[in-house]
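Here is what each chain is made of, one letter per residue.
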Amino acid sequence: MSNFVPVNEPLLDGNEKKYLLECIETGWISSEGPFVKEFEEKFAARMGRKHGIAVSNGTVAIDAAVDALGIGPGDEVIMPTFTIISCINQIVRCGAKPVLVDSDPLTWNMDVSQIEAKITSRTKAIMIVHIFGLPVDVDPVLEIAERHGLKVIEDAAEMHGQTYKGKPCGSFGDISTFSFYPNKHVTTGEGGMIVTDDDELAETCRSLRNLCFQPQKRFVHERLGWNMRMTNMQAALGLAQLERLDDFVLRKREMGLRYTGMLREIQGVQLPLPSTDYADNIYWVYGLMLDESMGLDAESAMKRLAEKGVGTRPFFYPMHQQPVLRKMGLFEGEQYPVAEKMAKYGFYIPSGMALTYEQMSAVVERVKGVLH
Ligand SMILES: *Cc1c(COP(=O)(O)O)cnc(C)c1O
């Protein structure tokens, strides 16, 4: 289709080309290049953290964070069921037990009022995952964690530049992670970052990222790590993107409010909440939740939109319904009705950084055509 509107297109028209060219001209293309350290330092500073450890994607950033916190067999980690599989991988693989909570129907984030009842003597950590554009209500989580002596991991993959009560997302808990996939507010193609204030955790993550090679006895290993190093070329892109983060956030907020203005009158659709007491929506993606009464689920709506030339993506599929996890005997008989409904009726429309106003208007017209 000639006027197809893709679900995401990144904006790469700042210093991206210049810095990338520098990698090629200097020959620094591996993870040893100077942009990696510069990107780590500048990104960590922007997120209000002491250390940044650049890695190859947001999923492995979480893997390393979970491992670095010493989470292992028998430990329990409380987390939202409504999230991406990346959050649960390492918890399950290491023999720990993921313990789920449902979502809040308005913010789409984990319902923090459900956390405390899930704590047992085996609980080791709580994982916060900010979803789509609004942060989790962090303070109650930190307070519960403090009172019960639990670690906190913050997955801020969708929240570059967002704040909670004025403090940067990515600055909460023991350790936070980011993704730089092309639909994120800062992209490196593929990439991720771990940030923390804890010197020892930072050191452990650096080691885990690099196969736990030892400085003195390089090929003698005391621990199993991964190769999750970021290249200088990725960091070059990241630096150029980071320079524009404030602009990107403004742009996303403006796009979100514009969509809301145009979609507000449509019946039977729940739009993203523009703000809460603690944050204004950053609209990482612009989600729509269809009313059950419409007699249309996300899958059918997305199919019809594709026919009209609009790219969409479904909402996340809850962890407790994942076939791979159910086959392992996890979450037997568990129900999380809000997340289940979100998965069935939720999807998002084109929300990328390069989206134009003309494209947005075309998307809205076609959405209206499908929902009436
Ligand atoms: C994108 C994303 C990830 C995974 O990042 P990748 O870089 O794609 O591995 C993890 N968590 C959340 C919440 C995400 O949105």
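Conventions and cut-offs
- Here the residue index of a chain counts from 1 through its sequence in written order.
- Per-residue local features of the predicted model are confined to residues with pLDDT of at least 70, and side-chain atom pairs are confined, for both listing and counting, to 80 or more; whole-chain, interface and lining totals are unaffected and use all residues.
- By convention in this description, side-chain values take in all heavy atoms of the structure and omit both hydrogens and water.
- Secondary structure elements follow DSSP: runs of H or I of four or more residues count as helices, runs of E of two or more count as strands, with numbering from the N terminus.
- Only C-alpha atoms enter the radius of gyration, while the globule expectation follows 2.2 Å times N to the 0.38, with N the number of residues.
- Throughout, a residue-residue contact means that at least one pair of heavy atoms, one from each residue, lies within 4.5 Å.
- To be clear on the numbers: accessible area is Shrake-Rupley with a 1.4 Å probe, and residue cover counts the displayed protein chains and nothing else.
- Where each domain begins and ends is defined by an automated method or by a domain database.
- Simply put, the buried area is the total loss of 1.4 Å probe accessible area from both parts when two parts are fitted together.
- The nearness test applies per residue and asks whether one of its heavy atoms lies within 4 Å of the molecule or strand.
- Within 3.5 Å is the distance limit for a polar contact, defined as a pair of N or O atoms, with the added protein rule that one can donate a hydrogen and the other accept it, and that residues adjacent in sequence qualify only through two side-chain atoms.
- Residue type decides the class: Asp, Glu, Lys and Arg count as charged, Ala, Val, Leu, Ile, Met, Phe, Trp, Tyr, Cys and Pro as nonpolar, and the leftover types, Gly among them, as polar.
- A 1.4 Å probe rolled over the protein chains alone gives each residue an accessible area, and that area as a share of the maximum for its type sets the label: buried under 20%, exposed over 50%, partly exposed in between.
- At least two bridges found by DSSP between two strands is the condition for calling them paired.
- Each salt bridge in this description consists of a side-chain nitrogen of Lys or Arg and a carboxyl oxygen of Asp or Glu lying within 4 Å of one another.

Comments concerning the overall build of the protein
Assigned secondary structure in the protein consists of 12 helices and 13 strands. A compact globule built from 372 residues would reach a C-alpha radius of gyration of about 21 Å, and the protein, at 21 Å, matches this within 12%. Considering only C-alpha atoms, the protein reaches an extent of 70 × 55 × 40 Å along its principal axes. Here the analysis covers contacts within the protein between residues at least 6 apart in sequence; of these, 71% occur between residues at least 24 apart. Here the protein has roughly 16300 Å² of accessible surface; of this, 51% comes from carbon and sulfur atoms.

Comments concerning the domain arrangement of the protein
One can read the domain layout of the protein as domain 1 (16–242) and domain 2 (245–371). In this structure, domain 1 and domain 2 have C-alpha centres spaced 24 Å apart. Domain 1 puts 43 residues into the contact, and the matching count from domain 2 is 42 residues. Of the roughly 3500 Å² buried between domain 1 and domain 2 on both sides combined, carbon and sulfur atoms contribute 70%. Of all residues in domain 1, W108, F132 and H185 bury the most surface against domain 2, accounting for 22% of the area lost on that side.

Describing the site of the ligand
The local shell around the ligand holds 13 residues, among which T59, D155, E158, S179 and K184 are the closest. Separating an oxygen atom of the ligand from a side-chain N or O atom of T59 is a distance of 2.5 Å. A distance of 3.0 Å separates an oxygen atom of the ligand from a polar side-chain atom of K184. Look at the ligand: alone it shows 380 Å² of surface, and the protein chains cover 91% of it. Here the residues of the shell around the ligand sort into 4 nonpolar, 6 polar and 3 charged.

A few points about the pairing of strand β3 (residues 97–101)
Of all 5 residues in β3, 4 are buried, a share of seventy percent or more. Direction of pairing for strand β2 (residues 76–80) relative to β3: parallel, over a ladder of 5 bridges. By the bridge assignment for β3, I78 is matched with V99.

Digging into helix α3 (residues 58–68)
Along an α-helix, residues three or four positions apart point the same way, because every turn accommodates 3.6 residues. Summarising burial for α3: 10 of the 11 residues are buried, a large majority. Burial in α3 covers these residues: G58, V60, A61, I62, D63, A64, A65, V66, D67 and A68. The N-cap of α3, judged by a side-chain oxygen 3.0 Å from the amide nitrogen of T59 a few residues on, is N57. Where α3 ends, the next residue or the one after it, G70, has phi of about 75 degrees, a positive value.

Examining the sheet that holds strand β13 (residues 346–349)
Taken in spatial order, the 4 strands make up an open sheet running β10-β11-β13-β12, and their pairing is antiparallel. In this open sheet, the two strands that pair with only one neighbour each are β10 (269–270) and β12 (313–314). Examined bridge by bridge, β10 and strand β11 (residues 286–290) share 2 bridges and lie antiparallel to one another. Its bridge partner lying in β11, Q270 is registered against M289.

Comments concerning the pattern of salt bridges
Inspection of the entire model under this criterion finds 15 salt bridges. Between E16 and R244 there is a salt bridge, and its shortest N-O distance comes to 3.5 Å. Taken together, the residues E16 in helix α1 (residues 16–26) and R244 in the loop between α7 (232–242) and α8 (245–263) connect sequence positions 228 residues apart. As far as the burial class goes, E16 and R244 line up, both buried. Here the salt bridges do not stand alone but share partners, grouping D13, E16 and R244 into one network.

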